[in-house]
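# Architecture and fold: a report
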Amino acid sequence: MNITRAISSWVKMKITQNLLFILCKIFTAALSCVTDAAEVIYFSGYEGSAVRVSCYYDQGYESYEKYLCRNDCGDSDVLITTSERKKNKYFIFDYKTVRKFTVTISDLQHKDAGKYWCGVTRAGQDIYTEVRVDILKDSCCHSVTKVQSYDGRSVSISCPYESVYQNNLKYICRGNQPSTCLQQAVVTSDSKQTTQLTLTDDRKSQFTVTIANLTQKDSGSYLCGVHRNTGLDVFSAVELEVKVWCCVKSSTEKPVTHTQSTINTTNKHINGVCGGERRTFNHIYENGDIVMSKQKE
């Protein structure tokens, strides 16, 4: 009974769509003949980069013209057709063997966001698939994990991810630009290791990137990325600070010696350089060995 009702509803919907199309053709050529689609396909892209819209069609339409349009899909609303291949910021290609055509929209701006229609030209009513495109700012993220270490040491950066992505490609890049992060990745779960970086994945909920032999140049922003087969990759942001050890360049000793039993305690004020700044440290010695070293207030 439920199957019969479903079929009946589908038939009624198709009859309604065909009637609207016929009325559209009879009464005005300027009126849009596009009706709301039963299914909407969503795509996202970063501002300034590109997005590829994929549109599938049924068998038998391989040789038919395809196109992408906006608004009411009138003649002035058609952005590109398969007879043009490239037009302005749009590029179209028809993969006939898999019955799919794609349209790449480059140099994305906020005005490019919104509703589109994938169309297949045929006698009578064209076939339409509704597409929605979202445009995001090319930056990440709302929260940033801060990590600190010292010059010459190593640091481990933890990158969490959802368990559904345990088999996906992981990577890390420098900077804060998601659109180019994968192309500029400094290490991936495929390569796993470079001379300075190592990536390990627990295949559950986290991968870790270890950076060895740190220098000041390693300080800055990083993005942990998880590649998704559809949609945009998933990112988390990290800010790394590499501190410099304090090194004594010159010293002015002002010893004050105290003798208690067999222990000789000496205070020395030592001028040093720490991170390029001159600072004074108070070193406390007992029998010639340093037992405390702290920056003088």
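Criteria and cut-off values
- Residues numbered from 1 in each chain as written.
- Predicted model: local features only at pLDDT ≥ 70, side-chain atom pairs only at ≥ 80, totals over all residues.
- Heavy atoms only, no water.
- 1 Å grid on protein atoms, 1.4 Å probe; cavity = no way out; pocket = protein on both sides within 12 Å on 5 of 7 lines; lining within 4 Å.
- Points joined across faces, edges and corners; volume = space filled by probe spheres on them.
- Helix = DSSP H or I, 4+ residues; strand = E, 2+ residues; numbered from the N terminus.
- Nonpolar A, V, L, I, M, F, W, Y, C, P; charged D, E, K, R; others polar.
- Salt bridge = Lys/Arg side-chain N within 4 Å of Asp/Glu carboxyl O.
- Buried < 20%, exposed > 50% of the residue type's maximum accessible area, 1.4 Å probe, protein only.
- pLDDT = per-residue confidence, 0-100.
- Contact = heavy atoms within 4.5 Å.
- Phe/Tyr/Trp six-rings, centres within 6.5 Å; stacked < 30°, edge-to-face > 60°.

Here we come to the layout of surface pockets. Approximately 670 Å³ is the volume found for the largest pocket. Lining the largest pocket are 24 residues, with S44, A50, R52, G231 and L232 positioned closest to its centre. Secondary structure elements with two or more residues in the lining of the largest pocket: β1 (40-46) and β2 (51-56). It is β1 that provides the largest number of residues to the lining of the largest pocket, a total of 5 residues. Among the residues forming the lining of the largest pocket, the class breakdown is 11 nonpolar, 10 polar and 3 charged.

In this structure the tally under the stated criterion is 6 salt bridges. In this structure, K66 engages D94 in a salt bridge whose closest nitrogen and oxygen atoms are separated by 2.9 Å. One end of the pair, K66, is in strand β3 (residues 66-70); the other, D94, is in strand β6 (residues 90-95), with 28 residues separating them in the sequence. The exposure class assigned to K66 is buried, which follows from its relative accessible area of 0%. In this structure D94 comes out as buried when scored by relative accessible area, which is 14%. Where E130 meets R132, a salt bridge forms, and the shortest distance between an N and an O atom there is 2.9 Å. Judged by its relative accessible area of 4%, E130 is buried.

Take the confidence of the model for the protein chain next. Put simply, the protein chain has an average pLDDT of 81, and 70% of its residues get 70 or more. Every residue in residues 10-32 is under pLDDT 50, and counting partners more than four places away or in other chains gives 13 contacts. Note on residues 283-297: pLDDT under 50 across the span, and 38 contacts to partners over four residues away in sequence or across chains.

So, on to the packing of aromatic side chains. Each aromatic ring pair is specified by the distance between its two centres and by the angle formed by the two planes. Applying the stated criterion across every chain, the model contains 7 aromatic pairs. Judged by centre distance (6.2 Å) and plane angle (80°), the rings of W117 and Y128 are edge-to-face. Here W117, found in strand β8 (residues 114-120), pairs with Y128, found in strand β9 (residues 127-136); they are 11 residues apart in sequence, far enough to count as distant. In this structure W117 comes out as buried when scored by relative accessible area, which is 3%. Relative to F235, the ring of Y171 lies with its centre 6.2 Å away and its plane at 80°, an arrangement referred to as edge-to-face. Linking Y171 in strand β12 (residues 170-174) with F235 in strand β17 (residues 234-243), this pair joins segments that are 64 residues apart in sequence. Comparing Y171 with F235 shows no difference in burial state: the two are buried.

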